[in-house]
Amino acid sequence: MTAYDFTVKSQNGEDISLSSFQGNVLLVVNTATGCGFTPQYAELQQMYENYKEQGFEILDFPCNQFANQTPGTDEEVHEFCTGRYGITFPQYSKIDVNGDNAIPLYQWITANTKFEGFDGAMGLILRPIVQKMDKDYKNNGKIKWNFTKILIDRSGNIVARYEPTADIKKISE
């Protein structure tokens, strides 16, 4: 199984087969509009502009599972992201990344990745919050917070997982 085997919902509810991205490098990100990591949208947009012509795509999945930091409709989320951060990469319908309602793409991701640890000062803040939500958080592949990034190669395979506290420059390396 690869990322290209999944179908996701566009912002307007249409089914989008990820096979349409075959041959591209994908960065799958669960995002939020009211999170301390929300300014990462600017860095993601810069990365998209730098690598889009080389077959790089960012798939943005708004998610409200972490402290209700993504209120609003898909349209309101999109207006915020394009207006405030000027994003031009594809943004999809709001989803769950963990639990019974997680979309199949994220069920596959969480079954095939592991938590990579939190870095820096934000990691010190996040650890106790995440531990309250998931006592065994260090030992499972569940998504821990907004702006977790999954890098997918041109064949649709998971290459790496980057927690929200990871320096975004690591992805470009």
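Everything numeric in this text was worked out from a predicted model, so none of it was measured.

Peer 1: Mind laying out the packing of aromatic side chains, listing which residues take part and the relevant values?
Peer 2: By the definition in use, this model includes twelve aromatic pairs. Pairing Tyr41 with Phe89 gives two aromatic rings, centres 6.4 Å apart and planes at 15°, and the pair type is stacked. Within this pair, whereas Tyr41 is found in helix 1 (residues 40-51), its partner Phe89 is found in the loop between helix 2 (74-85) and helix 3 (104-111), the two being separated by 48 residues in sequence. Each member of the pair, Tyr41 together with Phe89, is buried. Ring geometry for Tyr51 and Phe56: centres 6.1 Å apart, planes at 75°, overall edge-to-face. Put simply, the rings of Tyr41, Tyr48, Phe80, Tyr85, Phe89 and Phe147 pair up and form one aromatic cluster.

Peer 1: Talk me through the pattern of salt bridges; I want residue IDs and the actual numbers.
Peer 2: Counted by the stated rule, this structure contains five salt bridges. For Glu116, the salt bridge is made with Lys114, and the minimal N-O distance between the two is 3.8 Å. When the shortest N-O distance is used, the salt bridge between Arg161 and Glu163 registers 2.7 Å. Look at Glu163 and you get buried, because its relative accessible area is 1%.

Peer 1: Could you give an account of the sheet that holds strand 6 (residues 158-162), naming the residues involved and the relevant values?
Peer 2: Reading across from one edge, 4-3-5-6 is the order of the four strands in this open sheet, with mixed pairing throughout. Of all strands in the sheet, those with a lone pairing partner are strand 4 (56-62) and strand 6, marking the two edges. Pairwise comparison of adjacent strand axes, ignoring direction, gives a mean angle of 15° for this sheet. One ladder, built from seven bridges, connects strand 3 (residues 25-31) with strand 4; its direction is parallel. Directly across from Leu26, in strand 4, lies its bridge partner Glu57. Across the sheet, helix 1 is in contact with strand 3, strand 4 and strand 5 (149-152); its angle to strand 4 comes to roughly 155°.

Basis of the calculations
- Residues numbered from 1 in each chain as written.
- Predicted model: local features only at pLDDT ≥ 70, side-chain atom pairs only at ≥ 80, totals over all residues.
- Heavy atoms only, no water.
- Phe/Tyr/Trp six-rings, centres within 6.5 Å; stacked < 30°, edge-to-face > 60°.
- Helix = DSSP H or I, 4+ residues; strand = E, 2+ residues; numbered from the N terminus.
- Buried < 20%, exposed > 50% of the residue type's maximum accessible area, 1.4 Å probe, protein only.
- Salt bridge = Lys/Arg side-chain N within 4 Å of Asp/Glu carboxyl O.
- Pairing = 2+ DSSP bridges.
- Axes fitted to C-alpha atoms, helices over the stretch in contact; angles between N-to-C directions.
- Contact = heavy atoms within 4.5 Å.

Spatial relationships are all this shows, so hold off on functional conclusions.
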